[in-house]
Amino acid sequence: MKLSMLMVLAALSAPAGAAVVRLKDGGSISGTIVSATAIEVVVRTASGPRSVAAARVQSIEYDAEPAPAAKPAPAAPSAPPPEEKNLFSLGLGLAAPQSDVDFTPIGGGSASNGDVGGLIGARYLRETSKSFAYGFDLDYFHRGATSSPGLMRLADASVSGDNLLLLAIARVHLIDRGPVRPYLLGGLGAGRSWTRIDAAPRPGFVWTDTGTDEARRLIDDGAWAFASTAKAGLDFDWEFASPTVFSLEAGWTGLSNRRYRATPAGRDLGLQDVSGRIDVFTLAMRWSWRW
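These remarks concern the structure in this document. Bear in mind the structure is a predicted one, so any value in this text is a computation, not a measurement.

### So, the overall build of the protein chain
Then comes step 1: Secondary structure summary: the protein chain contains 2 helices and 16 strands in total.
Then comes step 2: Burial statistics for the protein chain: of 291 residues in total, 40% are counted as buried.
Then comes step 3: Restricting the contact set of the protein chain to residue pairs at least 6 apart, pairs at least 24 apart contribute 64%.
Then comes step 4: Carbon and sulfur atoms form 62% of the exposed surface of the protein chain, whose accessible area is close to 16,000 Å².

### So, the nonpolar core
Then comes step 1: Core analysis: the largest hydrophobic core is formed by 36 residues, its most contacted members being Phe-103, Leu-151, Met-152, Ile-197, Leu-218, Ile-219 and Val-274.
Then comes step 2: Each residue touching Val-274, except ones within four places of it in the same chain, is listed here: Val-101, Asp-102, Phe-103, Ile-197, Ile-219, Arg-258, Arg-259 and Tyr-260.
Then comes step 3: Ala-19, Ile-29, Val-41 and Ile-60 belong to the second-largest nonpolar core, a separate cluster that totals 11 residues.

### Things to note about a nonpolar patch on the surface
Then comes step 1: A cluster of nonpolar residues, Leu-92, Ile-120, Phe-136, Leu-138, Tyr-140, Leu-164, Leu-166, Leu-248, Met-285 and Trp-287, forms a patch on the protein surface that exposes about 900 Å² of accessible area.
Then comes step 2: Broken down by secondary-structure element, the contributors of at least two residues to the nonpolar patch are strand S10 (132-143), strand S12 (155-173) and strand S16 (273-290).
Then comes step 3: The element best represented in the nonpolar patch is S10, accounting for 3 residues.
Then comes step 4: Structurally, Leu-92 is set in strand S6 (residues 85-97).
Then comes step 5: Residue classification places Leu-92 among the partly exposed residues on the basis of a relative accessible area of 44%.

### Details of the sheet that holds strand S3 (residues 40-45)
Then comes step 1: The strand order across the open sheet built from 5 strands is S4-S3-S2-S1-S5, with neighbouring strands paired in antiparallel fashion. The outermost strands of the open sheet, each flanked by one partner alone, are strand S4 (48-53) and strand S5 (57-62). Averaged over all neighbouring strand pairs, the angle between strand axes comes to 45°, with direction disregarded.

### A few points about the layout of surface pockets
Then comes step 1: Of the voids in this model, the second largest pocket is the one considered here, and its volume is about 290 Å³.
Then comes step 2: Met-152, Arg-153, Leu-154, Trp-207 and Leu-269 are the residues nearest the centre of the second largest pocket, which is lined by 14 residues in total.
Then comes step 3: Class assignment of the residues belonging to the lining of the second largest pocket gives a composition of 10 nonpolar, 3 polar and 1 charged.

### What about the packing of aromatic side chains?
Then comes step 1: For the coordinates displayed, the defined rule picks out 6 aromatic pairs.
Then comes step 2: With centroids separated by 5.4 Å and ring planes inclined at 40°, the aromatic side chains of Phe-236 and Trp-238 adopt a geometry described as tilted.
Then comes step 3: Assessed through its relative accessible area of 15%, Phe-236 is described here as buried.
Then comes step 4: For Trp-238, a relative accessible area of 33% gives the class partly exposed.
Then comes step 5: On the basis of an interplanar angle of 20° and a centroid distance of 5.0 Å, the ring pair of Trp-289 and Trp-291 is categorised as stacked.
Then comes step 6: Accessibility expressed as a relative area gives 45% for Trp-289, which makes it partly exposed.
Then comes step 7: Owing to a relative accessible area of 44%, Trp-291 belongs among the partly exposed residues under this scheme.
Then comes step 8: Among the aromatic residues, ring-to-ring pairing joins Phe-236, Trp-238, Phe-240, Phe-246 and Trp-287 into one connected group.
Then comes step 9: When the ring centre of Tyr-183 is taken as origin, the NZ or CZ atom of Arg-171, which lies over that ring, is 6.0 Å away.

### Remarks on the pattern of salt bridges
Then comes step 1: Summed over the entire model, instances satisfying the criterion amount to 21 salt bridges.
Then comes step 2: Of the charged contacts in the structure, one is a salt bridge between Asp-137 and Arg-123, with a shortest N-O distance of 2.6 Å. Of the two residues, Asp-137 is situated in strand S10 and Arg-123 in strand S9 (residues 117-127); the sequence distance between them amounts to 14 residues.
Then comes step 3: You can call Arg-123 buried: its relative accessible area is 3%.
Then comes step 4: Note that Glu-214 and Arg-216 form a salt bridge whose closest N and O atoms lie 3.0 Å from each other.

### A few points about the side chain of Asn-86
Then comes step 1: With respect to the helices and strands, the residue Asn-86 is situated in strand S6.
Then comes step 2: On the accessibility criterion, Asn-86 (12% relative accessible area) is buried.
Then comes step 3: A distance of 2.6 Å separates a polar atom in the side chain of Asn-86 from a polar atom in the side chain of Tyr-124.
Then comes step 4: At 2.8 Å, the side chain of Asn-86 and the side chain of Arg-126 are in polar contact.
Then comes step 5: Beyond its immediate stretch of four places on either side in the chain, Asn-86 contacts Tyr-124, Leu-125, Arg-126, Trp-289, Arg-290 and Trp-291.

The rules behind the values
Residues numbered from 1 in each chain as written. Predicted model: local features only at pLDDT ≥ 70, side-chain atom pairs only at ≥ 80, totals over all residues. Heavy atoms only, no water. Helix = DSSP H or I, 4+ residues; strand = E, 2+ residues; numbered from the N terminus. Buried < 20%, exposed > 50% of the residue type's maximum accessible area, 1.4 Å probe, protein only. Contact = heavy atoms within 4.5 Å. Areas by Shrake-Rupley, 256 points an atom, 1.4 Å probe, with all protein chains shown as cover. Core = buried A, V, L, I, M, F, W, Y, C linked by side-chain atoms within 4.5 Å. Patch = residues over 30% accessible without salt bridge, like charges linked within 9 Å, V, L, I, M, F, W, Y side chains within 5 Å. Salt bridge = Lys/Arg side-chain N within 4 Å of Asp/Glu carboxyl O. Pairing = 2+ DSSP bridges. Axes fitted to C-alpha atoms, helices over the stretch in contact; angles between N-to-C directions. 1 Å grid on protein atoms, 1.4 Å probe; cavity = no way out; pocket = protein on both sides within 12 Å on 5 of 7 lines; lining within 4 Å. Points joined across faces, edges and corners; volume = space filled by probe spheres on them. Nonpolar A, V, L, I, M, F, W, Y, C, P; charged D, E, K, R; others polar. Phe/Tyr/Trp six-rings, centres within 6.5 Å; stacked < 30°, edge-to-face > 60°. Lys NZ or Arg CZ within 6 Å of the ring centre and 35° of its normal. Polar contact = N/O pair within 3.5 Å; in protein donor to acceptor, adjacent residues only side chain to side chain.

Written out as structure tokens, the structure reads:
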């Protein structure tokens, strides 16, 4: 009885599977163990279930379990998508006009459309990868007053103005990483430009309509125009300064040809308006914050 109990316990502790039940009388039964108690062992055979008294069982021999199927190697994790980041920057610099205004309709000449002036701007970029970003620029620059003695006969003139631009931009870094990364930037949008032209008779001359020599403003008008820009720069992306980035940037900005109306004083001299596109070379420093 004790032996039968031990065999039953062994059968219960072993996993279910194909087995051979050895009987004390020398016989055997092959099949799958269905249940085993201290009273009987039930075996499922090819011809059906068979019940054997536990007292008749000599031993139960289980077939060796097949080796577990090899688990497929886990797939290599896919590279995470690039993390998109935001970048906001402020810029300070200089703007140098490269275009002219023309007074030939009233017998004058041409002169630069302003002198070097200050530039200030703000920029937002959405960095979709290590090399590409898109966003917008909001820039203001002042065109300083020129000394333009050749613009009008017998009068000294000065040209100045201001520009406000809003541009959609795209930036491409030429290398993906490093402490210094060159980039190219282009943009399209609109700009509001203001042009002012003042004049005063040269010493010894006066205005023919009044006989006086006071300074007069001949042009004082603003106009919207299509604007575009192309720039190149360097990002100094130092780890110790993260999340800030310092940049140097130079390039060209242009506004399409517009007409600026004359003031009443200008119309008294026969000047109706002045036209000309505005091309400006800019040089700026930028401080950016990335998040």
